[in-house]
Amino acid sequence: DAKTTQPNSMESNEEEPVHLPCNHSTISGTDYIHWYRQLPSQGPEYVIHGLTSNVNNRMASLAIAEDRKSSTLILHRATLRDAAVYYCILRNFNKFYFGSGTKLNVKP
Amino acid sequence: DAGVTQSPTHLIKTRGQQVTLRCSPKSGHDTVSWYQQALGQGPQFIFQYYEEEERQRGNFPDRFSGHQFPNYSSELNVNALLLGDSALYLCASSLKTTFYGYTFGSGTRLTVV
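Residues numbered from 1 in each chain as written. Chains lettered and ligands numbered in written order. Predicted model: local features only at pLDDT ≥ 70, side-chain atom pairs only at ≥ 80, totals over all residues. Heavy atoms only, no water.

Caption draft 1: Molecular detail of the side chain of A:R37. Residue and element names in this part refer to chain A. One can find R37 in strand β3 (residues 32-38). When its relative accessible area of 11% is taken as the criterion, R37 is described as buried. When neighbours within four sequence positions are excluded, R37 is seen to be in contact with G43, P44, E45, V47, M59, R81, D82, A84, V85 and Y86. (Helix = DSSP H or I, 4+ residues; strand = E, 2+ residues; numbered from the N terminus. Buried < 20%, exposed > 50% of the residue type's maximum accessible area, 1.4 Å probe, protein only. Contact = heavy atoms within 4.5 Å.)

Structure below.
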């Protein structure tokens, strides 16, 4: 199974940018990179996904390394509501391989 | 527009018993996947149903089985419960032909005592 490696936890100040890294050195050419986040007592929530090029949406940006062996989720201005566990996931044929995720703490 | 609905939200069972968890997918979705999330860990893929058949399966024993109905809703059955089956069980729905990602339900918290 394809695997991702993320830091266990990160901390950020409110209204500052946050860069959440992810390593996926065993990624295959057909794997998409997805990011989900999970708030306490809730199911994971879609954040963003991409294949090769950088992606932007209203929630975040996804920067993908040229060799695709790593990626970074960028939250442009962290808010207290962004405190969650962020999962970097490789998708292969509609099956997700979750890692352990990064717990993001946001300080006021 | 309702998202993914799971029932029950919480459940307590005794070792050796059997349990059935239910999931209604998001309107317009035709594929249902089930995940097990142990405390403090990421979700682990159990299996996926499409067109009422199991299409993919993760590394889970045969005690875990499922079903998908013609209205796309799904059930997860676990037989001969073990203490280690205690977890949050998540249902995720998607559209087979246009996959942008999953919509997850809030899960069923199963406790085996």
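Moving on from the model shown.
Caption draft 2: Molecular detail of the interface of chain A and chain B. At the junction of the two partners, chain A supplies 19 residues and chain B supplies 21 residues. Of the roughly 1500 Å² buried between chain A and chain B, counting both surfaces, carbon and sulfur atoms make up 50%. Counting the contacts that link chain A with chain B gives zero salt bridges. For the side of chain A that touches chain B, the class distribution of residues is seven nonpolar, nine polar and three charged. (Buried area = accessible area lost by both parts, 1.4 Å probe. Salt bridge = Lys/Arg side-chain N within 4 Å of Asp/Glu carboxyl O. Nonpolar A, V, L, I, M, F, W, Y, C, P; charged D, E, K, R; others polar.)

Caption draft 3: Seen up close, the state of the cysteines. Taken as a whole and judged by the stated rule, the model has two disulfides over all chains. What pairs with A:C22 in a disulfide is A:C88, and their sulfur atoms sit 2.1 Å apart. When the S-S torsion is -80 degrees, as for the bridge of A:C22 with A:C88, the disulfide is left-handed. Taken together, the residues span a long stretch of sequence, with A:C22 in strand β2 (residues 18-23) and A:C88 in strand β8 (residues 84-92) at a distance of 66 residues. Using a relative accessible area of 2% as the deciding quantity, one classes A:C22 as buried. Residue A:C88 is classed as buried on the basis of its relative accessible area, which comes to 0%. Between the sulfur atoms of B:C23 and its disulfide mate B:C91 the distance is 1.8 Å. Taking the sign of the torsion about the S-S bond as the criterion, the disulfide between B:C23 and B:C91, at about -60 degrees, is left-handed. Taken together, the residues B:C23 in strand β3 (residues 19-24) and B:C91 in strand β9 (residues 87-94) connect sequence positions 68 residues apart. Here the two residues B:C23 and B:C91 agree in accessibility, since each one is buried. (Disulfide = S-S within 2.5 Å.)

Caption draft 4: Expanded view of the packing of aromatic side chains. Applying the stated criterion to the full structure yields 14 aromatic pairs over all chains. Note on A:F96 and A:F98: the rings are 6.0 Å apart at their centroids and 65 degrees apart in plane angle, and the pair reads as edge-to-face. Look at A:F96 and you get buried, because its relative accessible area is 2%. Ring plane angle 70 degrees and centroid distance 4.5 Å describe the contact between A:F96 and B:Y102, whose orientation is recorded as edge-to-face. With A:F96 in strand β9 (residues 95-98) and B:Y102 in the loop between β9 and β10 (103-104), this residue pair bridges two chains. Here A:F96 and B:Y102 have matching classes, each one buried. (Phe/Tyr/Trp six-rings, centres within 6.5 Å; stacked < 30°, edge-to-face > 60°.)

Caption draft 5: Up close: the sheet that holds strand β6 (residues 61-64) of chain A. Residues and elements named next belong to chain A. Ordered by their spatial adjacency, four strands build an open sheet running β2-β7-β6-β5, and the pairing between neighbours is antiparallel. Every interior strand has two partners, whereas the edge strands, β2 and β5 (55-56), have only one. Across two bridges, β5 lies against β6 in antiparallel orientation. Among the inter-strand pairings, N56 is bridged to a residue of β6, identified as S61. (Pairing = 2+ DSSP bridges.)

Caption draft 6: Structural view of the pairing of strand β5 (residues 44-50) of chain B. Residue and element names in this part refer to chain B. Most of β5 sits out of view: six of its seven residues are buried. As judged from the six bridges shared by strand β4 (residues 31-37) and β5, these two strands associate in the antiparallel manner. Looking at β5, one finds that Q36 is bridged to Q44. Between the antiparallel neighbours β4 and β5 lie six residues, among them G40 with a positive phi of about 80 degrees.

Nothing here speaks to function; it is geometry throughout.
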